[in-house]
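For reference, the chains in residue letters:
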Amino acid sequence: MSKGPISQFIEKHYLHFNSAALVDAAKGYEEHLLDNGKMMITLAGAMSTAELGKSLAEMIRQDKVHIISCTGANLEEDIMNLVAHNSYKRVPNYRDLSPQEEWDLLENHYNRVTDTCIPEEEAFRRLQQHLYDIWNNANSKGERYFPHEFMYQMINSGVLQQYYEIDPKDSWMVAAAEKNLPIVVPGWEDSTMGNIFASYCIKGEFNATTMKSGVEYMMWLADWYTKNCEGKGIGFFQIGGGIAGDFPICVVPMLYQDMEMHDVPFWSYFCQISDSTTSYGSYSGAVPNEKITWGKLDITTPKFIVESDATIVAPLIFAYVLGW
């Protein structure tokens, strides 16, 4: 298919250094899909608050991504942006804020993520209100679900539609819920909704077991990987570092070394977008070849690293894969 103007611009001007790596990674992603490979995308950082859904949602709708691993923050903040966008506050001079100005934001119930402040009442409490009912319903019935499954229940119930403040086509969680896209959310407890759920458990209102755990996510991912790794295999597109990437990539060495399933293939494509430099023990800044020593990537696995701002790079790669 002929490429659109964004892709044509990239191919003409992005010829060297990180820009060339961006093109190579995008073409590698495209080739992987053309060979009937599947792709995992991992979301660290604040990609949802950065409104990555504007391009990621279409990637989901067009089956360009088959599973997502994300932090609890990215799981919830896409929905927060969906229902509270008009109340967000942008602070373009965030680098110059004094401690007093930061305190004033707190006093006004704004939580800052770099240049964007999330409003507590319109975002956090709005989700809390409806998630409480869903959690309580499961808890009272003795049912157990993963964190993303509770989010899907909330989205699919329609209770949030009254609050929509952006086009739902720009929400990657809406797109994911519509497709029932597989998601793993390692360390979900380290999120606003995770903290809130824990508070209800401390108060004795919910059983902690109502929420399925990270170990169960790993068990589920092991089953999914073994059922989907045939043929070209599964690629790994990592945005940022941290647990969103480290957790799922480890499923391969676990299956091979600990389960002794020696016919399990390595990840068959790897790309990381990161602005973390290679340094003393930094996982986020580790070059892809280090992952060979951990049994995650093969010698022949196509490997790409783009050292830049993910909010710049990821939408461009997605645009190329989508043919925009």
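In what follows, the accompanying structure is described. For clarity, every value in this text was computed on a predicted model and none was experimentally measured. (Residues numbered from 1 in each chain as written. Predicted model: local features only at pLDDT ≥ 70, side-chain atom pairs only at ≥ 80, totals over all residues. Heavy atoms only, no water.)

**Observations regarding the overall build of the chain**
Next up, step 1: Helix and strand counts for the chain stand at 13 helices and nine strands.
Next up, step 2: Whereas a compact globule of 324 residues would reach a radius of gyration of roughly 20 Å, the chain reaches 20 Å, a difference of no more than 12%.
Next up, step 3: When the backbone C-alpha atoms are referred to their principal axes, the chain occupies close to 50 × 50 × 45 Å.
Next up, step 4: Per-residue burial for the chain yields a buried fraction of 51% across its 324 residues.
Next up, step 5: Here the contacts in the chain between residues at least 6 apart in sequence split such that 79% fall between residues at least 24 apart. (Helix = DSSP H or I, 4+ residues; strand = E, 2+ residues; numbered from the N terminus. Rg over C-alpha atoms; globule rule 2.2 N^0.38 Å. Buried < 20%, exposed > 50% of the residue type's maximum accessible area, 1.4 Å probe, protein only. Contact = heavy atoms within 4.5 Å.)

**Some points on the packing of aromatic side chains**
Next up, step 1: Evaluation of the coordinates by the stated rule reveals 18 aromatic pairs.
Next up, step 2: Note on F197 and F206: the rings are 5.8 Å apart at their centroids and 25° apart in plane angle, and the pair reads as stacked. An identical accessibility class is assigned to F197 and F206; each is buried.
Next up, step 3: Put simply, the rings of Y132, W135, W188, F197, Y200 and F206 touch in pairs and so form one group of aromatic residues.
Next up, step 4: The aromatic ring of Y320 is capped on one face by K3, whose charged end is 3.9 Å from the ring centroid.
Next up, step 5: For the cation-ring pair, K212 lies above F146, with the distance from its terminal atom to the ring centre recorded as 5.0 Å. (Phe/Tyr/Trp six-rings, centres within 6.5 Å; stacked < 30°, edge-to-face > 60°. Lys NZ or Arg CZ within 6 Å of the ring centre and 35° of its normal.)

**A closer look at the side chain of E120**
Next up, step 1: Along the chain, E120 falls in helix α6 (residues 120-141).
Next up, step 2: With a relative accessible area of 18%, E120 lands in the buried category.
Next up, step 3: At a separation of 3.0 Å, a polar atom in the side chain of E120 contacts the side chain of R125.
Next up, step 4: When residues no more than four places from it in sequence are discounted, the contact partners of E120 are H109, N111 and R125. (Polar contact = N/O pair within 3.5 Å; in protein donor to acceptor, adjacent residues only side chain to side chain.)

**As for the pattern of salt bridges**
Next up, step 1: Applying the stated criterion across every chain yields a total of twelve salt bridges.
Next up, step 2: Notably, a salt bridge pairs D170 with K54, separated by 3.6 Å at the nearest N-O pair. Taken together, the residues D170 in the loop between α7 (147-157) and α8 (172-179) and K54 in helix α3 (residues 53-61) connect sequence positions 116 residues apart.
Next up, step 3: Among the salt bridges present, the one from R125 reaches E120, with a minimum N-O distance of 3.0 Å. (Salt bridge = Lys/Arg side-chain N within 4 Å of Asp/Glu carboxyl O.)

**Some details on the environment of E189**
Next up, step 1: Position of E189 relative to the elements: it lies in the loop between β6 (183-184) and α9 (192-202).
Next up, step 2: Assessed through its relative accessible area of 48%, E189 is described here as partly exposed.
Next up, step 3: Residues E189 and T71, spaced 118 residues apart in sequence, show a C-alpha to C-alpha distance of 9.4 Å.
Next up, step 4: Discounting residues that sit within four places of it in the chain, E189 has contacts with G194 and N195.

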